[in-house]
Protein chains: 2
Amino acid sequence: MMTTIDRLCAAIRPVANEAAQAAQRHLDELTKPPRSLGRLEELAVRLVALRGAVPAVDRPVIFTFAADHGVAAEGVSAYPQSVTAQMVENFLAGGAAINVLARQAGARLVVADFGVASPLGARPALLVRRRGPGTANMAVGPAMSRTDAIAAIEDGAALAEEALDGADSADLIGIGEMGIANTTAASAITAVLTATDPGVVTGPGTGLDAHGIGRKADVIRRALDVNRPDAADPIDVLAKVGGFEIAGLTGVVLAAAARRVPVALDGFISGAAALVAARLAPDARDALFASHRSAEPGHAIVLADLGLQPYLELSMRLGEGTGAALFVHLARAAARVYSEMATFKSAGVDGPRV
Amino acid sequence: MMTTIDRLCAAIRPVANEAAQAAQRHLDELTKPPRSLGRLEELAVRLVALRGAVPAVDRPVIFTFAADHGVAAEGVSAYPQSVTAQMVENFLAGGAAINVLARQAGARLVVADFGVASPLGARPALLVRRRGPGTANMAVGPAMSRTDAIAAIEDGAALAEEALDGADSADLIGIGEMGIANTTAASAITAVLTATDPGVVTGPGTGLDAHGIGRKADVIRRALDVNRPDAADPIDVLAKVGGFEIAGLTGVVLAAAARRVPVALDGFISGAAALVAARLAPDARDALFASHRSAEPGHAIVLADLGLQPYLELSMRLGEGTGAALFVHLARAAARVYSEMATFKSAGVDGPRV
């Protein structure tokens, strides 16, 4: 029987080189020196080639998934676990950074509870896809069962498909997250999937000092030692040292890539979710856009593995989808330049001297 | 008698450190780990401290000044001089990159002819502040008289003051330009004012090859040799090796800085205009924001001299104000984060563990 994940992975195909070349030829006819818009042109080319059409960024949707992490018990975060639920309330009240930046970008924000420790009351603005009150502590055993990891991926994919279908279909998807201790999970996933020492991948998260970072790396080493995740089996890695919200975002990436809709990654944690997706379906990378490079050291390792160069370098490290929201403006600029600029011919502008 | 330039320079005062510290304290109370929005926070702090108030970016105005350069006769540009006037027509028709990006940013675009070689017909959308059909060839004598340099600065300042006064007053000003061969003028200005060898400052502009860049650097060396601009007298430098549109932008910077309105620089040429302004009034730097780092090598030298770190690194090299237009989104994001986010207290979110 073909699973949802198999179906999505089978639908993910690489972008055609010819489409990218045709897009660059169009850009070279516009009234500017060739390539003078730099990475904005490269971004436009990638959007056109992915979509197979003149791109638009009219209906962006940002998914911010929240969940708690049992490994928080090891003291790996500067903040108490209570903050995850409190920040979800803040998202619902519109007072968090992602609310402000999504509003500015004209992006719809979808907030989902994938397993916050203290259940939040059901509300229309909160989607509930809980797989439990947070993961188990990866330092003493698997964070979740393989069944739960698959179910969380499928839940994320289903949420993305809802946003991608219908009249009001999303034309760009951003991913972000909230979950105290989830840089520990992202670091563990990255260490395994990129075969990198935890000491290199691990960073301050929300604000650990050097001593705290050392302890956090030790916790990750213990988790890898106890669980022995299989680097060749991305779902095993996700189950043993991942998180519910990370699994959900992996599902979003797979569903969007299957429909050739661009996915704006946020920082390190959403990057780790995309890394899992790219191990399941390598061609998913053609749909991924690195909105920014986070200050978290593991992020550069994830982006290098995915072959992505970030568009913004603002030393941000907040998560929630904030970098993805800022990236919407750049993607829209690239799309509009491609569609709206005059050509040398139409504007009667002379080309280079011969 | 006090000149306009003297008056503006006298009005330009440094930003108070206390204002910046108070702004950072407010940001640290918002629901995010301290400093986790990275350079967006630094940008918000600078905007608040400059304005002395909660910042807004509701009415940005971008000034795109055009003029021709006699030094084009030396073959220093990949494009013929006719392109300057043709591109101004393109600006007026709405088909250039700056039109697209200003529209997207909700910025009003002000296009002015400071001395295009072939006069453009007068039209409501085109402001005419011509000082002649382009500058003279700096390789054989001064580009313009000192009187013209001062008048062009004053014209630029007056245009900025019009935009800054009245009910619909600009709350952020972007500067950009169009002028075939104007990277040669910007390179010459930068070489003199930063005491840098022309070979280091000079780049490809709109698309010269290595041989062309070498020839362009030689032309600049000749211009410096013939004119002997006085590095201690910024107006002398502007007159001898500058350009009409560059002088106009220097005036815009002075007028905006005098009223403590942020100025978003575009690339290398507008950077050179700001460098002249900062030599006339060093505290003008507190009003300057480096929107992006251009691919043109001289730009990094200008930004280092001004002590500015760019917000975007997209390898753009188009000019027109395109980088400034993209920066509007970041400035607006910084301003909105500052104004709209909830505090830990108001949202009931716990702070760091002790």
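Owing to the predicted nature of the structure, the values given are computational and were not obtained by experimental measurement. Sequence positions are assigned chain by chain, starting from 1 and proceeding in written order. Lettering for chains starts from A, numbering for ligands starts from 1, and both go in the order in which the items are written. Totals for whole chains, interfaces and linings use all residues, but because this is a predicted model, local features are given only for residues with pLDDT of at least 70 and pairs of side-chain atoms are given and counted only at 80 or more. Values shown for side chains rest on all heavy atoms present in the structure; no hydrogens or waters enter the calculation.

Visitor: Residue-level account of the overall build of chain A, with values.
Guide: Helical segments are the DSSP runs of H or I of at least four residues, strand segments are the runs of E of at least two, and each set is numbered from the N terminus. Along the backbone of chain A there are 15 helices and six strands. What the globule rule says is 2.2 Å times the number of residues to the power 0.38, and the radius of gyration is computed from C-alpha atoms. By the compact-globule yardstick of 20 Å for 354 residues, chain A fits well, its C-alpha radius of gyration being 20 Å. The buried share of chain A, reckoned over its 354 residues, is 63%. Whether two residues are in contact is decided by their heavy atoms: any pair within 4.5 Å suffices. In chain A, 76% of the contacts between residues at least 6 apart in sequence involve partners at least 24 apart. Method for areas: the Shrake-Rupley scheme with a 1.4 Å probe, in which residue coverage is limited to the protein chains shown. In the form shown here, chain A has an accessible surface area of approximately 11600 Å², with 53% of it arising from carbon and sulfur atoms. In chain A, 32 side chains carry a positive charge and 37 a negative one; their mean positions are 3 Å apart. Relative accessible area decides the class of each residue, using a 1.4 Å probe on protein chains only: under 20% of the type maximum gives buried, over 50% gives exposed, and in between gives partly exposed. Neither His nor the chain termini are counted; the positive set is Lys and Arg, and the negative set is Asp and Glu. Lys charges are placed at NZ, Arg charges at CZ, Asp charges at CG and Glu charges at CD.

Visitor: Before we move on, can you summarise the packing of helix 1 (residues 4–11) of chain A against helix 6 (residues 146–164) of chain A with the specific residues and values?
Guide: Residues and elements named next belong to chain A. Convention adopted: a line fitted to C-alpha atoms gives each axis, helices being fitted over their contacting stretch, and angles between N-to-C directions are expressed from 0 to 180 degrees. In the contact formed by helix 1 and helix 6, the axes pass within 10 Å of each other and the chain directions differ by 55°. Taken together, the axis directions place helix 1 and helix 6 in an arrangement best described as oblique. Judged by the twist between their axes, the crossing of helix 1 over helix 6 is left-handed. Mapping the contact onto sequence places Thr4, Ile5, Arg7 and Leu8 in helix 1 and Ile150, Ile153, Glu154, Ala157 and Glu161 in helix 6. The residue inventory of the contact of helix 1 with helix 6, partitioned by class, reads five nonpolar, one polar and three charged. With respect to orientation, any angle under 35 degrees is reported as roughly parallel, any angle over 145 as roughly antiparallel, any angle of 65 to 115 as roughly perpendicular, and every other angle as oblique. Should the near helix be turned counterclockwise from the far one by less than a right angle, the crossing is left-handed, whereas a clockwise turn marks it as right-handed. Classification used: nonpolar for Ala, Val, Leu, Ile, Met, Phe, Trp, Tyr, Cys and Pro, charged for Asp, Glu, Lys and Arg, polar for all others including Gly.

Visitor: Requested: an account of the pairing of strand 4 (residues 172–178) of chain B, with residues and values cited.
Guide: Residues and elements named next belong to chain B. Burial analysis of strand 4 places seven of its seven residues in the buried class, which makes it a mostly covered element. Because side chains alternate across strand 4, one face comprises the buried residues Leu172, Gly174, Gly176 and Met178, and the other comprises Ile173, Ile175 and Glu177, equally buried. Taken together, the seven bridges between strand 1 (residues 60–67) and strand 4 define a ladder with parallel strand orientation. Note that in strand 4 the partner of Pro60 across the bridge is Leu172. In short, DSSP must find at least two bridges between two strands for them to pair. When strand 4 meets strand 5 (residues 263–265), the two strands line up parallel, connected through two bridges. By the bridge assignment, Gly174 is partnered in strand 5 with Ala264.

Visitor: So what about the interface of chain B and chain A? Which residues, and what values?
Guide: Across the contact, 56 residues belong to chain B and 56 residues belong to chain A. By buried area we mean the combined loss of accessible area, with a 1.4 Å probe, across both parts when two parts are placed together. Taken together, the two surfaces of chain B and chain A that pack against each other cover about 4600 Å², and 61% of this comes from carbon and sulfur. Ranking the residues of chain B by area buried against chain A places Tyr79, Leu314 and Arg353 of chain B at the top, with a combined share of 13%. Any Lys or Arg side-chain nitrogen located within 4 Å of an Asp or Glu carboxyl oxygen qualifies as a salt bridge. Applying the counting rule to chain B against chain A returns two salt bridges. Broken down by secondary-structure element, the contributors of at least two residues to the side of chain B that touches chain A are helix 3 (39–51), helix 4 (82–93), helix 5 (97–105), helix 14 (322–340) and helix 15 (344–347) of chain B. Examining the composition of the side of chain B that touches chain A, we find that nine residues originate from one element, helix 14 of chain B, more than from any other.

Visitor: Please give an account of the relation of the copies chain B and chain A that cites residues and values.
Guide: Aligned on chain A, chain B shows an RMSD of 0.0 Å; the corresponding rotation is 180° and the shift along the axis is 0.0 Å. Classification of the inter-copy transformation places it as that of a two-fold axis. A least-squares superposition brings the copies together, and it is based on the C-alpha atoms of residues with pLDDT no lower than 70 in both.

Visitor: So what's going on with the sheet that holds strand 2 (residues 108–115) of chain A? Which residues, and what values?
Guide: Residues and elements named next belong to chain A. Here six strands make up an open sheet; going across it, the order is 3-2-1-4-5-6 and the pairing parallel. Looking at strand neighbours, the two that pair on one side only are strand 3 (126–128) and strand 6 (288–290), the edges of this open sheet. Along the sheet, successive strands turn relative to each other by an average axial angle of 30°, direction set aside. Here helix 14 (residues 322–340) sits on the sheet and contacts strand 1 (60–67), strand 4 (172–178), strand 5 (263–265) and strand 6; the angle it forms with strand 4, its principal contact strand, is near 165°.

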